[in-house]
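Residue-level structural notes
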Amino acid sequence: MHLSCPFCHSTNVMLVEASTQQSTTTLASLVTPTTLSALGTTVAKTFNLPPIVGGIAGTFLGGMLGSVLNSFTEPSAPPQQNLCFCHNCYQKFPTHLLH
Ligand SMILES: [Zn+2]
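Within the protein chain, the secondary structure is distributed over three helices and three strands. Along the protein chain, helices (α) and strands (β) appear in the sequence β-α-α-α-β-β when read from the amino end. A burial count over the protein chain gives 9% of its 99 residues as buried. Counting contacts in the protein chain only where the partners sit at least 6 residues apart, residues at least 24 apart contribute 58% of the total.

Looking now at the environment of Val 53. With respect to the helices and strands, the residue Val 53 is situated in helix H3 (residues 51–72). As a C-alpha pair, Val 53 and Gly 40 span 13 residues in sequence and 7.9 Å in three-dimensional space.

Relative orientation of the contacting elements helix H2 (residues 33–46) and H3 amounts to 140°, with a least axis distance of 7 Å. Judged by the angle between their axes, H2 and H3 are oblique. Where H2 crosses over H3, the two elements pack in a sense that is right-handed. Together, Pro 33, Leu 36, Ser 37, Leu 39, Gly 40, Thr 41, Val 43 and Ala 44 of H2 and Pro 51, Val 53, Gly 54, Gly 55, Ala 57, Gly 58, Thr 59, Leu 61 and Gly 62 of H3 make up the contact between the two elements. Its residues assigned to classes, the contact of H2 with H3 shows nine nonpolar, eight polar and no charged.

What counts and how
- Residues numbered from 1 in each chain as written.
- Predicted model: local features only at pLDDT ≥ 70, side-chain atom pairs only at ≥ 80, totals over all residues.
- Helix = DSSP H or I, 4+ residues; strand = E, 2+ residues; numbered from the N terminus.
- Buried ≥ 20, exposed ≤ 12 C-beta atoms within 10 Å, placed from the backbone.
- Contact = placed C-beta atoms within 7 Å.
- Axes fitted to C-alpha atoms, helices over the stretch in contact; angles between N-to-C directions.
- Parallel < 35°, antiparallel > 145°, perpendicular 65-115°, else oblique.
- Left-handed = near helix turned anticlockwise from the far one by under 90°.
- Nonpolar A, V, L, I, M, F, W, Y, C, P; charged D, E, K, R; others polar.

Structure below.
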C-alpha cells in the first residue's frame, strides 16, 4: 500500500493503531462480594440484625447487582480505527483517507 499524506502528500507517513480500549476501572469492578458483604454487615448492625443476615443479604445483593452491571458492561467491541501519522506535517488521519 502506497502511503502518502492527504495534507502535504509526503510519503513520510507511519501507520499507528489507535487504541480505543478504555480503562477497566468500572463500577462493576468496584462492587465486589467483599465490599457488599461488609456493607451488608454494616446494614445489619444498623438495624440490629445478626451479622450473618447482613452477610447473606450483601452477597445476595452483590449477585443481583453484579449481574445487572455485567449486562450493562456487555462487551461491545469498539471499532478498531487505524490512524496514520504524517512526520512531515504532524497530521493524524484515518487510513481510509489514503485511498
Ligand atoms: Zn503530511
